[in-house]
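The chain contents come next:
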Amino acid sequence: QYESPQYESPQYEVLGRPFEWRVRYAGQDQRLGTTDDVLGEVNELHVPVDETSLVALKAEGAVQYLSVPALRLTCKLVPGRVQLARFSASKMGAYEVVCCEQRSQAYYRVVGRLMVETAEDHRAYLQRLQLQQYQREFSTAAEAQHFAVGVSFLQANDVPESQGGVSSAQPA
């Protein structure tokens, strides 16, 4: 009997647009395209060191050429198609992400960073992004933290007050 193959779900999505790369991270359910996805910073992808990363690469508007020279990774992104890239970085640090085909002077600015960090730093980064995402919808950091704890992988006291978190004191 034929069994269909099991496919992995990408943990990250990078959307190439003219002059920028948009990043999205899978949320607690480890699937992209669901309500718990975390929106990343423009032109910056964070991944944990020594872990295999599966990235869904997309282009909007025009063909994009993405390259991470330090990892020997190069992809041609065609609008309307999804290109999957699998890689693992064994050294922590910041790596340049470039558009490897310059069509005009303006394309020189299409440069991003791949940040390779410890698993703990990666988790803290995602928590910080998620809290910022919820703060856009709520008036105070405390309200955002309360909501985020209920629906995501944020835990109480994970985010320091200096970064928008709430203190551990319980309301009276």
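Keep in mind the model is a prediction, meaning the values are calculated, not measured.

Asker: Give a detailed account of the pattern of salt bridges, specifying residues and quantitative values.
Answerer: One pass over the full model with this rule turns up 7 salt bridges. The closest approach of N and O atoms between R24 and D37, which form a salt bridge, is 2.8 Å. Of this pair, R24 sits in strand β2 (residues 20–25) while D37 sits in the loop between β2 and β3 (38–39), and the two are 13 residues apart along the sequence. We note that R24, like D37, is buried. Each member of the salt-bridge network shares a partner with another, and the members are E13, R24, D37 and K58.

Asker: Let's hear about the packing of aromatic side chains: which residues, and what values?
Answerer: Aromatic ring pairs are described here by two measures, namely the spacing of the ring centres and the angle between the planes. In total, this model carries 2 aromatic pairs according to the counting rule given. Ring centres of Y12 and Y25 lie 5.6 Å apart, and the angle between their planes is 85°; this geometry places the pair in the edge-to-face category. Placement of Y12 in strand β1 (residues 12–17) and of Y25 in strand β2 is noted, with a sequence separation of 13 residues between them. Ring geometry for Y25 against Y125: centres 6.1 Å apart, planes inclined by 80°, an arrangement best described as edge-to-face. Placement of the pair is Y25 in strand β2 and Y125 in helix α1 (residues 119–135), with a sequence separation of 100 residues. Accessibility assignment for this pair places Y25 and Y125 in one class, buried.

Asker: Provide a residue-level description of the sheet that holds strand β10 (residues 111–117), including the pertinent values.
Answerer: Spatial ordering of the open sheet is given by β4-β10-β9-β6-β7, a layout of 5 strands whose pairing is mixed. Each edge of the open sheet carries a strand with a single partner, namely β4 (44–48) and β7 (73–77). Going from strand to strand, the sheet's axes swing by 20° on average, the running direction of each strand aside. Here α1 sits on the sheet in contact with β4 and β10, set at roughly 135° to β4.

Asker: Summarise unusual backbone geometry; cite the residues concerned and give the values.
Answerer: Excluding glycine, residues mostly have negative phi values, and the peptide bonds linking residues are mostly trans. Phi at Q30 takes a positive value of approximately 60°, unusual for a residue other than glycine. Residue placement: Q30 occurs in the loop between β2 and β3. Not every positive phi belongs to a glycine, and R72 is a case in point at roughly 55°. Assignment of secondary structure puts R72 in the loop between β6 (64–68) and β7.

Definitions and limits used
- Residues numbered from 1 in each chain as written.
- Predicted model: local features only at pLDDT ≥ 70, side-chain atom pairs only at ≥ 80, totals over all residues.
- Heavy atoms only, no water.
- Salt bridge = Lys/Arg side-chain N within 4 Å of Asp/Glu carboxyl O.
- Helix = DSSP H or I, 4+ residues; strand = E, 2+ residues; numbered from the N terminus.
- Buried < 20%, exposed > 50% of the residue type's maximum accessible area, 1.4 Å probe, protein only.
- Phe/Tyr/Trp six-rings, centres within 6.5 Å; stacked < 30°, edge-to-face > 60°.
- Pairing = 2+ DSSP bridges.
- Axes fitted to C-alpha atoms, helices over the stretch in contact; angles between N-to-C directions.
- Contact = heavy atoms within 4.5 Å.

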